[in-house]
Amino acid sequence: MNSTKLKRKGTALLSLLLLVTIGQGQEASLGHSKSAGSWIVENIILVIGLLVFLFAIWVISDIIRKMLEAQSRQLLEEKGIVAKSTSVMDEEVPLWKRINDWAWDLVPVSAEKSIDLGHDFDGIRELDNKLPPWWLGLMYGSMIFAVIYMYQYHWSGSGWSSENEYIAEMKAGDEIKNAYLDKMANAINENNVVALTDPEDLSAGAAVFKRNCAACHGVEGQGLVGPNLTDDYWLKGGGIKNVFETIKYGVPEKGMISWKSQLKPETMQQVASYILTLQGTSPPNPKAKEGELYIPE
Ligand code: HEC
C-alpha cells in the first residue's frame, strides 16, 4: 500500500535537512562570520520547532490529499467509471500504524516462508529479516552526525574546539576581572588611599617618578626645582593621603601641575607610595628642608 510512498517522503525530508546542514557548513567554512553549526545549537528550540512545524504541515497535507483521493474515487465510483473498490485499507489504517509499519518494515507472518533460512532449532526457525529502518536510520544518522561533528570541531577551524571555548571563556573572564579592577582602581581618592607595599606597585611608582617627576624633584627625590621628598619636612603635609592629594591636584601656582588628568588614581597611589619609601634615604646633594616636620597621627 502506501508504505513505499511514505518511505520516499521520509527520505526526501531527511535528505533535504542534510543538504541544508551541509550547505550551511560549507558557507561557514567559506569564512562567513558565524558558523551554521553554532547557530543551530544556539537556536535549538527554534530548529526543533521548525521541524515539528514541517512535520505538522506534511501530516496535514497528507490528510488533505487522502481526503481528496477518497472523494474523487467516490465520485468516479458513483458515475460508474471505475469499479467499486473493495479495499478500504488506505482510509482505515491510522497514521501512527503506518509510521510504525514503515519503521519496522516487517515481513508479514503469511510471507515468512520467503525469508526462512532453513535452519531449525527445536522448532525455532531462523528468518532473514532485514534490519528495521528505524534502526538503520539511527545508525546512518549517527554516522552523518559524526562526520558533521568532526568537521565542525576539528577541521573547520570555526572556533568550536573545547580549547578555543576555554580560551574564549578565559578571555571573557579576564575582561570582567579587569573591568572590576579598573573600577576599584578608579575609586581610589585622597580619602581612602592607603600606602602600597607590594614591590611591583613600588617599582611601577618608581618608573612613573623617573618619567614625570624626577625633572623637578631629582632622580632620587633629593629636590631640584621642587622640594626634597626624602626628608620628613613637608610643605603640603606628609603621609599617603596628603602626598596623594598634592599629586592629584598639584600646586599650579608654584609650578607643580595637577596630575589627575594624566595619571590614573591607581598610578598616583603607586607613585605616592614610592615617594614615602624615599623617607630617610638621604641621597647626595639634598635640597634644604622646606615646610614643617610631619608627625603622623
Ligand atoms: C615642573 C616641576 C615639577 C614636576 C614635574 C613635579 N613637581 Fe612636585 N612639586 C613641584 C614644586 C615646585 C613643589 C612645591 C610646591 C609648593 O611650594 O607648595 C612640588 C611639590 C610636590 C609635593 C609636595 C612636597 C611637600 O613638601 O609637601 C609632592 C608630594 C610632589 N611634588 C610630588 C610630585 C610627583 C609625584 C610628581 C610627578 C608625578 C611631581 N611632583 C612632579 C614641582 C614639580
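Refer to the structure printed above.
Model, not experiment: these values are computed from the prediction.

Rules and cut-offs
- Residues numbered from 1 in each chain as written.
- Predicted model: local features only at pLDDT ≥ 70, side-chain atom pairs only at ≥ 80, totals over all residues.
- Heavy atoms only, no water.
- Salt bridge = Lys/Arg side-chain N within 4 Å of Asp/Glu carboxyl O.
- Helix = DSSP H or I, 4+ residues; strand = E, 2+ residues; numbered from the N terminus.
- 1 Å grid on protein atoms, 1.4 Å probe; cavity = no way out; pocket = protein on both sides within 12 Å on 5 of 7 lines; lining within 4 Å.
- Points joined across faces, edges and corners; volume = space filled by probe spheres on them.
- Nonpolar A, V, L, I, M, F, W, Y, C, P; charged D, E, K, R; others polar.
- Pairing = 2+ DSSP bridges.
- Expected span 1.5 Å × (residues − 1).
- Buried < 20%, exposed > 50% of the residue type's maximum accessible area, 1.4 Å probe, protein only.
- Donors = N, O, S within 2.8 Å, 3.2 Å for Na, K, Ca; no water.
- Tetrahedral: all angles 85-135°; square planar, octahedral: opposite > 155°, others 65-115°.
- Core = buried A, V, L, I, M, F, W, Y, C linked by side-chain atoms within 4.5 Å.
- Contact = heavy atoms within 4.5 Å.

*Asks:* What should I look at first to understand the pattern of salt bridges in this one?
*Replies:* Any two side chains of opposite charge can pair, given that their charged atoms come close. Per the stated rule, a full pass over the model turns up 11 salt bridges. Measuring nitrogen to oxygen at the nearest pair gives 3.2 Å for the salt bridge that ties Arg73 to Glu77. Of the two residues, Arg73 and Glu77 are both situated in helix 3 (residues 44-78); the distance of four residues between them amounts to about one turn of the helix. What you see here is one network of salt bridges that share partners, running through Asp62, Arg65, Lys66, Glu69 and Arg98.

*Asks:* In this structure, what is going on with the layout of surface pockets? I would like to understand it.
*Replies:* Once rolled over the atoms, a probe with the size of a water molecule shows which space is left empty. Estimated volume of the second largest pocket: approximately 700 Å³. The wall of the second largest pocket is formed by 31 residues, among which His217, Gly226, Pro227, Val251 and Met256 lie closest to the centre. If you list the elements that add at least two residues to the lining of the second largest pocket, you get helix 8 (199-217), strand 3 (233-234), helix 9 (239-249) and helix 10 (265-277). In terms of residue count, helix 8 provides more of the lining of the second largest pocket than any other element does, six residues in total. Among the residues making up the lining of the second largest pocket, the classes are represented as 19 nonpolar, seven polar and five charged.

*Asks:* When you look at the pairing of strand 2 (residues 124-127) in this model, what are you seeing that I'm missing?
*Replies:* If a strand is regular, its side chains alternate between the two faces of the sheet. Examined bridge by bridge, strand 1 (residues 116-121) and strand 2 share three bridges and lie antiparallel to one another. If you follow Asp120 over to strand 2, its bridge partner there is Arg125. Hairpin connection of strand 1 to strand 2: two residues between the antiparallel strands, including Asp122 at a positive phi of 45°.

*Asks:* Sorry, what's going on with helix 3 here?
*Replies:* Note on helix geometry: an α-helix contains 3.6 residues per turn, so any two residues three or four positions apart are oriented the same way. With 35 residues, helix 3 should cover 51 Å at 1.5 Å per step; its first-to-last C-alpha distance of 51 Å lies within 8% of that length. Turning to helix 3, its buried residues are Trp58, Val59, Asp62, Lys66 and Glu77. Two residues or fewer after helix 3 comes Gly80, characterised by a positive phi angle close to 75°.

*Asks:* Explanation requested: the coordination of the iron atom of the ligand in the structure shown.
*Replies:* Ideal geometry at a metal gives 109.5 degrees between four tetrahedral donors and either 90 or 180 degrees between six octahedral ones. Those protein atoms acting as donors to the iron atom of the ligand are His217 (NE2) and Met256 (SD), and they sit at 2.0 to 2.1 Å. Here the iron atom of the ligand binds six donor atoms, and the angle range of 85 to 180° at the metal identifies the geometry as octahedral. Highlighted residues: His217 in helix 8 and Met256 in the loop between helix 9 and helix 10, separated in sequence by 39 residues. The class of Met256 is partly exposed, set by a relative accessible area of 22%.

*Asks:* Just checking my understanding: could you explain helix 6 (residues 133-155) for this structure?
*Replies:* The end-to-end C-alpha distance of helix 6, which contains 23 residues, comes to 31 Å, matching closely the 33 Å that a straight helix rising 1.5 Å per residue would cover. Of the residues flanking the end of helix 6, it is Gly157, one or two places downstream, whose phi is positive at about 65°.

*Asks:* Help me understand the nonpolar core in this model?
*Replies:* Considering soluble globular proteins, one finds that nonpolar side chains tend to be buried as a cluster. Phe209, Val243, Ile247, Met268, Val271 and Ile275 are the most contacted members of the largest nonpolar core, which has 21 residues in total. Excluding anything up to four places from it in sequence, Val271 contacts Gly205, Val208, Phe209, Cys213 and Ile247.

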